[in-house]
Amino acid sequence: MRVRGDPQLLRRAALFAAACVVATVVASFFDSSSVVTLFVGIVSTVASVAALLASVPTADAADDLARKVEKGWEQRRMILLGAGVRPAKVPFGRQLGLERGDVTTTWTRGTLPDIGSLFLDTTPRRLLIVGEPGSGKTVLAAELALELLQRRTEAGGRVAVPVNIGGWDGRAPLGDWLAGRLVDNYRLTPGRAKSLVDAKLVIPVLDGLDEVGGLPAAATSRAADIIDQLNSLPDNRELTSVVVSCRDSYYRALHHAGHCLQDTLVIRARPLSSSEARTFLEQQFGRVRRPAPQTISPLFDARLGTSGSPLAQALSSPWLLSLAIASMQAGVLTADALAAAASRTTLERDLQASYIASATRLHPRGVDVRTYLTRAARGGRDTNTTAHYEADKVQRWLTTLALHLRDQAAAGGSRTDLSPLALWQIAPKTRVHVLHTTLSLLAGMLAAAFAAELVDGPPGAAATLAMETVAVCFGVWAGIRTEPRPSRLELRQLATRRGIRWWPLIAACGAAAGAFGASTGGPGPGLSSGCGTALTVAVVIGLGRQEARVVWAVDLLRNDLLFGVLLGLGFAVAGALPGGYTGGLAAHLHFTDHLTRPGSTALAFAVGLAAGIAQGARAWGRYAAALVIVAPSGRLPWRLRHFLEWAYVAGLLRVSGNVYQFRHETLRELLAP
């Protein structure tokens, strides 16, 4: 079986090619340089169709997806724990009282390293992991996914894909929703994602059933709808194995109300033993190269080994254990202070209060995620910068994000997902729309003025008016859209082994357009048209998304901005530079005489970039407009994207698919009760 190109994208490409042909014929009656510009569209569309028609065997597509998923989750674990550090061995036990239906397994209890074998030895392969907040249920689910990826042969060649369940309302079929997540999170084409799901090659690992919202006892709750969908899967023993995690108390309420997963093994994450907590502490302190500000004291060690002590009770939670490690490494709390806590409640409160201060001390600002991963893989986590965020500012910014989530949930959205594409809603929506629309209109109208180069007299005036009208329409459309979607540009795939195959096509298209331009307008138009065509074809192939790739949340806006920049450059090179405000109606303005040729070239690039970003990078433009409104008040930093990356590296936020979430619900609830 082979995965083919997406039919909808093919239809769009064919329509665009037809429009380019018609426009080229019409433009040829006015000026030959217009043919050069529009020829770019035709050539790039041919490349687009070729890219979209490419097909690969389904098994190869699954192998490619498996490699990317495994690499992505290994990287996320490295950010969370550090290179070479294994998670704490979270124990678990079977919960027969929460099971319904027929489940066959020999396992009744185990620890984290056993989770893969438990799943593979269970019939049917359906698993629910429950636990209290901070008990390690998410760690169990993530480690299971990684182990299944490493043991794909035993899993029937299927790919375990961790997905946050928060974006599913339980009304759409699981297969359709899962295919959509593969498209968004791993840059698969819709056709390829659907083929993988239909071929039963994906095992969804669904985290956060308790985070979908709604009261568990309500028959109309989203959680109840999701359970009904999972129970109604046809032939659920073979169609789709599934893994779900949920807060223990929440699922018990669902169970009591009659909403139960059928034919599903249920295990519960249990507290860590003192010996396991001590082993994990030794791993963490042992990997710090410089002397830690605070080390484990004899009093701390004694209290940890005392069953029932506040310290032993608190550190039996993997979540609180990680907070204790961070606070001691940062010097916010001493080991003796932790050991002297009068009760577990007091210790929990102190650790939660130290969370942000510890993160700001341990992690310098300005850390790029990929640079951090490279350094961590080589055994070092330090950066060259010594600048740190101020704890009070970080708390203020995180509070703004937490309040945004509260408002988002009140409006019927997710109460956990911080999508970079929705952060603009933190600012007053009307002001954002007005600012974004104004900027898009101005930039589009400036770019449309290049139409004055086409021809002089009444035809030139008509052409200019038509282009200005189009620019106004696009500007208004970009500014008033409720949810602007980002570009799916992925130029990195051109540097892969498969992507290198497209280089001859890019070069051939550029050479053909350059030769055509030179024959009609001379060396200048030939060079600019050739470069513009090559750039455009590269962008179109980048939009084809031929290979799976883990999408980091920060990439959504970054790629959208990159698309706008490249779109503007392509317009400037292929459309503006050949004339440079020297022909048609523009000739009467004598721009070249006043600006000189270098000045005219700079103007072409400036206008092209402004228009490309304003009307091509619509999602980034909306985000930037919101920051202009919110950042001056101090509610958010000007470099919000960099702050989100830092908060992820610092352990304040986590990444789930292409959205950010608070690392722990407790932090969000403390910031926005």
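Since we're looking at a predicted model, the values are computed, not measured. (Residues numbered from 1 in each chain as written. Predicted model: local features only at pLDDT ≥ 70, side-chain atom pairs only at ≥ 80, totals over all residues. Heavy atoms only, no water.)

Quick look at the overall build of the protein chain
Thinking step 1. Of the regular secondary structure elements, the protein chain holds 27 helices and 11 strands.
Thinking step 2. Taken over 673 residues, the protein chain has a buried fraction of 54%.
Thinking step 3. Contacts in the protein chain between residues far apart in sequence, at least 24 positions, make up 78% of those at least 6 positions apart.
Thinking step 4. When the accessible surface of the protein chain is split by element, carbon and sulfur atoms take 60% of a total near 27,900 Å². (Helix = DSSP H or I, 4+ residues; strand = E, 2+ residues; numbered from the N terminus. Buried < 20%, exposed > 50% of the residue type's maximum accessible area, 1.4 Å probe, protein only. Contact = heavy atoms within 4.5 Å. Areas by Shrake-Rupley, 256 points an atom, 1.4 Å probe, with all protein chains shown as cover.)

A closer look at the confidence of the model for the protein chain
Thinking step 1. Looking at the protein chain as a whole, its pLDDT mean stands at 77, while 72% of the residues score no less than 70.
Thinking step 2. The low-confidence segment residues 287-293 (pLDDT under 50) makes 15 contacts with residues lying over four places distant or belonging to another chain. (pLDDT = per-residue confidence, 0-100.)

What to know about a positive patch on the surface
Thinking step 1. Side chains of Arg365, Lys393, Arg396 and Arg639 sit close together on the surface and give a patch of like positive charge.
Thinking step 2. Considering the arrangement of structural elements, one finds Lys393 in helix α18 (residues 391-410). (Patch = residues over 30% accessible without salt bridge, like charges linked within 9 Å, V, L, I, M, F, W, Y side chains within 5 Å. Salt bridge = Lys/Arg side-chain N within 4 Å of Asp/Glu carboxyl O. Lys, Arg positive; Asp, Glu negative; His and termini not counted. Charge placed at Lys NZ, Arg CZ, Asp CG, Glu CD.)

Here we look at the pattern of salt bridges
Thinking step 1. Using the criterion set out here, one finds 18 salt bridges in the structure.
Thinking step 2. Between Arg278 and Asp301 there is a salt bridge, with its nearest N and O atoms 2.8 Å apart. Within this pair, whereas Arg278 is found in helix α10 (residues 274-286), its partner Asp301 is found in helix α11 (residues 298-304), the two being separated by 23 residues in sequence.
Thinking step 3. Using a relative accessible area of 32% as the deciding quantity, one classes Asp301 as partly exposed.
Thinking step 4. When salt bridges with common partners are traced through the structure, they connect Asp64, Arg67 and Lys68 into a single cluster.

Overview of the side chain of Glu276
Thinking step 1. Take Glu276: it is sitting in helix α10.
Thinking step 2. Look at Glu276: it is buried, it has no salt bridge, and the nearest opposite charge is Lys89 at 5.3 Å.
Thinking step 3. Here Glu276 is in contact with Ala88 and Lys89, once residues within four sequence places are set aside.

Brief notes about the nonpolar core
For soluble globular proteins, nonpolar side chains are generally found buried alongside one another.
Thinking step 1. Ranked by internal contacts, the top residues of the largest apolar core, which has 99 residues, are Leu127, Phe300, Leu398, Leu652 and Phe662.
Thinking step 2. With residues near it in sequence (within four places) discarded, Leu127 still touches Ile115, Leu118, Phe119, Leu144, Val242, Val243, Val244, Thr264, Leu265 and Ile267.
Thinking step 3. Core analysis: the second largest hydrophobic core is formed by 46 residues, Ala61, Leu149, Val242 and Leu254 among them. (Core = buried A, V, L, I, M, F, W, Y, C linked by side-chain atoms within 4.5 Å.)

A closer look at the packing of aromatic side chains
Thinking step 1. With the rule as written, the count across this model stands at eight aromatic pairs.
Thinking step 2. Measuring from centroid to centroid gives 5.1 Å for Trp168 and Trp177, while their planes differ by 15 degrees, and the two rings are stacked.
Thinking step 3. The class of Trp177 is buried, set by a relative accessible area of 6%.
Thinking step 4. Ring geometry for Tyr389 and Phe643: centres 5.6 Å apart, planes at 90 degrees, overall edge-to-face. Here Tyr389 is found in the loop between α17 (369-377) and α18, whereas its partner Phe643 is found in helix α26 (residues 640-649), with 254 residues between them in sequence. The two residues Tyr389 and Phe643 agree in class, both being buried.
Thinking step 5. Through a chain of ring-to-ring contacts, the aromatic side chains of Tyr389, Trp397, Phe643 and Trp646 assemble into a single cluster.
Thinking step 6. Above the ring of Trp424, the side-chain terminus of Arg622 is found at 4.8 Å from the ring centroid. (Phe/Tyr/Trp six-rings, centres within 6.5 Å; stacked < 30°, edge-to-face > 60°. Lys NZ or Arg CZ within 6 Å of the ring centre and 35° of its normal.)

Quick word on helix α19 (residues 429-448)
Thinking step 1. For α19, spanning 20 residues, the distance from its first C-alpha to its last is 28 Å, which sits close to the expected 28 Å at 1.5 Å a residue.
Thinking step 2. When we look at burial in α19, the residues that qualify are Val432, His433, His436, Thr437, Ser440, Ala443, Gly444, Ala447 and Ala448. Taken down its axis, α19 places every buried residue within 145 degrees of arc, on the same side. Across α19 from its buried face, at more than 90 degrees, point the exposed residues Thr430, Arg431, Val434, Leu442 and Leu446. (Expected span 1.5 Å × (residues − 1). Arc of directions from axis to C-beta.)

Comments concerning a nonpolar patch on the surface
Thinking step 1. A contiguous nonpolar surface patch, about 280 Å² in accessible area, is contributed by Val470, Phe474 and Trp477.
Thinking step 2. Within the secondary structure layout, Phe474 lies in helix α20 (residues 457-480).
Thinking step 3. What makes Phe474 partly exposed here is its relative accessible area of 44%.

So, the packing of helix α13 (residues 318-330) against helix α15 (residues 344-353)
Thinking step 1. The geometry of α13 relative to α15 is characterised by a closest axis approach of 9 Å and an angle of 55 degrees between their N-to-C directions. The angle between α13 and α15 places the two elements in the oblique class. Between α13 and α15 lies a crossing whose hand is left-handed. Along the contact surface, α13 presents Leu320, Leu323, Ala324 and Ser327, while α15 presents Arg344, Glu348, Leu351 and Gln352.
Thinking step 2. Of the residues assigned to the contact of α13 with α15, the class counts are four nonpolar, two polar and two charged. (Axes fitted to C-alpha atoms, helices over the stretch in contact; angles between N-to-C directions. Parallel < 35°, antiparallel > 145°, perpendicular 65-115°, else oblique. Left-handed = near helix turned anticlockwise from the far one by under 90°. Nonpolar A, V, L, I, M, F, W, Y, C, P; charged D, E, K, R; others polar.)

Observations concerning the pairing of strand β7 (residues 202-207)
Thinking step 1. Within β7, six of the six residues are buried, which leaves it mostly tucked inside the rest of the structure.
Thinking step 2. Across the two faces of β7 the burial is the same, with Val202, Pro204 and Leu206 and Ile203, Val205 and Asp207 all buried.
Thinking step 3. Pairing of strand β6 (residues 159-164) with β7, which is carried by six bridges, proceeds in the parallel orientation. Note on β7: the bridge partner recorded for Val159 is Val202.
Thinking step 4. Here two bridges tie β7 to strand β8 (residues 242-247), and the two strands are oriented parallel to one another. Within β8, the residue paired with Leu206 across the bridge is Val244. (Pairing = 2+ DSSP bridges.)

Side note on unusual backbone geometry
Thinking step 1. A cis amide bond links Thr123 with the next residue in sequence, Pro124, at an omega value of -10 degrees.
Thinking step 2. Inspection of the secondary structure puts Pro124 in the loop between α4 (115-120) and β5 (126-131).
Thinking step 3. Located in the positive-phi region is Asp263, a residue other than glycine, with phi close to 50 degrees.
Thinking step 4. Relative to the helices and strands, Asp263 is located in the loop between α9 (248-256) and β9 (265-269).
Thinking step 5. Classification of Asp263 by relative accessible area gives buried; the value is 17%.

Points about the sheet that holds β5
Thinking step 1. Pairing in this open sheet of seven strands is mixed, and the strands run β4-β3-β9-β5-β8-β7-β6 from one edge to the other. Where the open sheet ends on each side, the last strands, each with one partner, are β4 (109-111) and β6. Between one strand axis and the next, the sheet turns by 20 degrees as a mean value, whatever way the strands run.
Thinking step 2. Both β5 and β8 contribute to a ladder of six bridges, which runs parallel. Looking across to β8, one finds that Ile129 is bridged to Ser245.
Thinking step 3. Seen against the sheet, helix α6 (residues 174-186) touches β6 and β7 and runs at an angle of roughly 90 degrees to β6.
Thinking step 4. Each of β5, β8 and β9 is contacted by α9, which is oriented at about 105 degrees to β8, the strand it contacts most.

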